[in-house]
Amino acid sequence: QNVQVPVCPLCNVPIPVQRGEVPDVVVGAHMDKDCKYNPAQQKQKIFTNKCLKPGCRRKEIMKVVCEQCGGNFCIKHRHPLDHECRGSSCPISKA
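Definitions and limits used
Residues numbered from 1 in each chain as written. Predicted model: local features only at pLDDT ≥ 70, side-chain atom pairs only at ≥ 80, totals over all residues. Heavy atoms only, no water. Helix = DSSP H or I, 4+ residues; strand = E, 2+ residues; numbered from the N terminus. Buried < 20%, exposed > 50% of the residue type's maximum accessible area, 1.4 Å probe, protein only. Contact = heavy atoms within 4.5 Å. Areas by Shrake-Rupley, 256 points an atom, 1.4 Å probe, with all protein chains shown as cover. Polar contact = N/O pair within 3.5 Å; in protein donor to acceptor, adjacent residues only side chain to side chain. Salt bridge = Lys/Arg side-chain N within 4 Å of Asp/Glu carboxyl O. Core = buried A, V, L, I, M, F, W, Y, C linked by side-chain atoms within 4.5 Å.

Colleague: What should I look at first to understand the overall build of the protein in this one?
Modeller: Scanning the protein for helices and strands turns up two helices and two strands. N-terminal to C-terminal, the α/β element order of the protein is α-α-β-β. Taking all 95 residues of the protein together, 23% fall into the buried category. Residue pairs in contact within the protein that sit at least 24 positions apart in sequence constitute 12% of those at least 6 positions apart. About 7,900 Å² of surface is accessible on the protein, with carbon and sulfur atoms providing 52% of the total.

Structure follows, in structure tokens:
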């Protein structure tokens, strides 16, 4: 049997609906009483990867790791020549 279970749009928890109940009403009641939605979670910082170049304060969503030194840098300083890379004897020149 193909049964669909509604999901709370705020907390993404499946809401069980008994036979004869209207899913919209049950989900609405969940949102009013039992929902564990935390608005503070939505405002978590996503730019957490700080650039290691001295003096740079930029942060990126994803890590941008230098293949030569293994350091994490912002998009602007990702190239070895842009962060004075000391990871290998000679950095690759920019194309």
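Colleague: I'm lost on the side chain of Asn 72 in this one. Help?
Modeller: Secondary-structure assignment places Asn 72 in the segment after strand S2 (59-60). Looking at Asn 72, the relative accessible area reads 11%, which means it is buried. Within polar-contact distance, the side chain of Asn 72 engages the backbone oxygen of Lys 50 at 3.4 Å. For Asn 72, the contacting residues outside a window of four places in its chain are Asn 49, Lys 50, Cys 51, Leu 52, Lys 63, Val 64 and Val 65.

Colleague: Honestly, the side chain of His 77 in this entry has me stumped. Any pointers?
Modeller: Mapped onto the fold, His 77 is located in the segment after S2. Apart from residues lying up to four places away in sequence, His 77 is in contact with Cys 51, Lys 53, Cys 56, Asp 82 and His 83.

Colleague: Sorry, what's going on with the environment of Lys 36 here?
Modeller: Inspection of the secondary structure puts Lys 36 in the loop between helix H1 (23-33) and helix H2 (39-42). Through-space distance from the C-alpha of Lys 36 to that of Asn 12 is 9.6 Å; in sequence the pair is 24 residues apart.

Colleague: Looking at this structure, I do not really get the pattern of salt bridges. What am I missing?
Modeller: Considering all chains together, one arrives at two salt bridges under this definition. Note that Glu 84 is salt-bridged to Lys 53, the shortest N-O span being 3.1 Å. Of this pair, Glu 84 sits in the segment after S2 while Lys 53 sits in the loop between strand S1 (49-50) and S2, and the two are 31 residues apart along the sequence. By relative accessible area, Glu 84 is classed as partly exposed at 47%. A salt bridge links Arg 58 to Glu 60; its shortest N-O distance comes to 3.7 Å. By relative accessible area, Arg 58 is classed as partly exposed at 47%. In this structure Glu 60 comes out as buried when scored by relative accessible area, which is 11%.

Colleague: Where do I start with the nonpolar core in this structure?
Modeller: What tends to happen in soluble globular proteins is that the nonpolar side chains get buried as a cluster. Grouped together as the largest cluster of nonpolar side chains are six residues: Cys 51, Cys 56, Cys 66, Phe 73, Cys 74 and Cys 85. The contacts of Cys 56, once residues within four sequence positions are left out, are Lys 50, Cys 51, Cys 74 and His 77. Listed in part, the five residues of the second largest apolar core include Cys 8, Val 26, Val 27 and Cys 35.

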